[in-house]
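# Architecture and fold: a report
Here's the letter readout for the chains.
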Amino acid sequence: MTFPDPTAATCRAPACARPNAAGSGRCREHLAELLRERGEHVPFANPVLAALAPVVIFALTATKVDRYRDPRAPSAVLDLWVLADEASDWQFGQAALDILGAQLTDIFGATRLEAPTADPPDVFLRLRVGVPESNVGRIQLALSAALIIIMDEFIGAGRYQGAVDVSEEDPR
């Protein structure tokens, strides 16, 4: 899948001056339209919520995380976590992690989104993902890049800390 110029400050769709979403070269609405035209399922009729899925799909496509599938390999667990400023739009970050989990379930299988935990002035968000142990390092790097793309778009750069770590805990 190819996308328009990612360095554009505004949407490249004709007569649109909305901001570029997640480096895709399109605004959120036109990115959703582009992905629908290419056969991707973009849930939600509400335009604010509908903007979440295209950014998540774009981030996963841009980082090529799906190329690391290995159904025969034993599993490892990655924790994608975000510590967001309580005054930020952390709820969009949580919703984006939920959509990310659904997309990753289609790629790798098991995911678990945990309930947000408030520890003022921060909110802790976490998604656990079962991935092939044989590619855990590559997947960790790809998901780290995807997490930055997604959270910069919905929470805002500088309003959160996040990482993707190999978990030592049993995912169940």
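Look up a bit, the structure's there.
A few points on the structure. (Residues numbered from 1 in each chain as written. Predicted model: local features only at pLDDT ≥ 70, side-chain atom pairs only at ≥ 80, totals over all residues. Heavy atoms only, no water.)

## Notes on the packing of aromatic side chains
We count it as follows: Stacked, tilted and edge-to-face are the three classes applied to pairs of Phe, Tyr and Trp rings, where Trp contributes its six-membered ring and a pair requires centres within 6.5 Å; stacked means planes under 30 degrees apart, edge-to-face means over 60, and tilted covers the rest. To qualify as a helix, a DSSP run of H or I must reach at least 4 residues; to qualify as a strand, a run of E must reach at least 2; elements of each kind are numbered from the N terminus.
Applying the stated criterion to the full structure yields one aromatic pair. Taking the centre distance of 6.4 Å and the plane angle of 25 degrees together, the rings of W81 and F124 count as stacked. Highlighted residues: W81 in strand β1 (residues 75-85) and F124 in strand β4 (residues 122-132), separated in sequence by 43 residues.

## Some thoughts on the nonpolar core
Put simply, the rule is: In these notes, a set of buried Ala, Val, Leu, Ile, Met, Phe, Trp, Tyr and Cys residues joined through side-chain atoms within 4.5 Å is what counts as a nonpolar core. Type-normalised accessible area, obtained with a 1.4 Å probe on protein chains alone, sets the label of each residue: buried when under 20%, exposed when over 50%, and partly exposed for intermediate values.
Among the nonpolar cores identified, the biggest contains 47 residues, and V65, L80, L100, L104, L143 and I150 are the most heavily contacted of them. In terms of residues, this core owes the most to one element, helix α5 (residues 136-156), which gives ten residues.

## Comments concerning the pattern of salt bridges
Heads up, the condition is: Salt bridge criterion: a side-chain nitrogen from Lys or Arg within 4 Å of a carboxyl oxygen from Asp or Glu.
Taken as a whole and assessed by the stated rule, the structure comprises seven salt bridges. D85 is paired through a salt bridge with R159; the nearest N and O atoms lie 3.4 Å apart. Placement of D85 in strand β1 and of R159 in the loop between α5 and β5 (160-166) is noted, with a sequence separation of 74 residues between them. On the accessibility criterion, D85 (27% relative accessible area) is partly exposed. Residue classification places R159 among the partly exposed positions, given a relative accessible area of 33%. The partner of R126 in a salt bridge is E114, with the nearest N and O atoms 2.8 Å apart. Separated by twelve residues along the polypeptide, R126 in strand β4 and E114 in the loop between β2 (111-113) and β3 (117-119) bring together distant segments of the chain. Its relative accessible area of 13% is what places R126 among the buried residues.

## Side note on the environment of T63
The cut-off we apply is this: Here a polar contact means two N or O atoms within 3.5 Å. Within protein one must be a hydrogen donor candidate and the other an acceptor candidate, and residues neighboring in sequence count only if both atoms are side-chain atoms.
Along the chain, T63 falls in helix α3 (residues 52-63). It is 15 Å that separates the C-alpha atoms of T63 and M151, two residues lying 88 residues apart in sequence. Within polar-contact distance, the side chain of T63 engages the backbone oxygen of A59 at 2.9 Å.

## A few points about the packing of α3 against α5
Stated precisely, the cut-off is as follows: Geometry is summarised by axes, namely lines fitted to C-alpha atoms with helices restricted to the contacting stretch, and by angles between N-to-C directions that run from 0 to 180 degrees. An angle below 35 degrees is treated as roughly parallel, one above 145 as roughly antiparallel, one from 65 to 115 as roughly perpendicular, and anything else as oblique. With the far helix as reference, a near helix turned anticlockwise by less than a right angle produces a left-handed crossing, and one turned clockwise produces a right-handed crossing. We call two residues contacting when some pair of their heavy atoms lies within 4.5 Å. Gly counts as polar in this scheme, as do all residues outside two lists: the nonpolar Ala, Val, Leu, Ile, Met, Phe, Trp, Tyr, Cys and Pro, and the charged Asp, Glu, Lys and Arg.
At a minimum axis distance of 9 Å, the contact between α3 and α5 shows a crossing angle of 150 degrees. Between α3 and α5, the angle is such that the two are roughly antiparallel. Both α3 and α5 take part in a crossing whose hand is right-handed. Contacts between α3 and α5 pair L52, V55, V56, F58, A59, L60 and T63 from the former with A142, L143, A145, A146, I149, I150, E153 and F154 from the latter. Its residues assigned to classes, the contact of α3 with α5 comprises 13 nonpolar, one polar and one charged.

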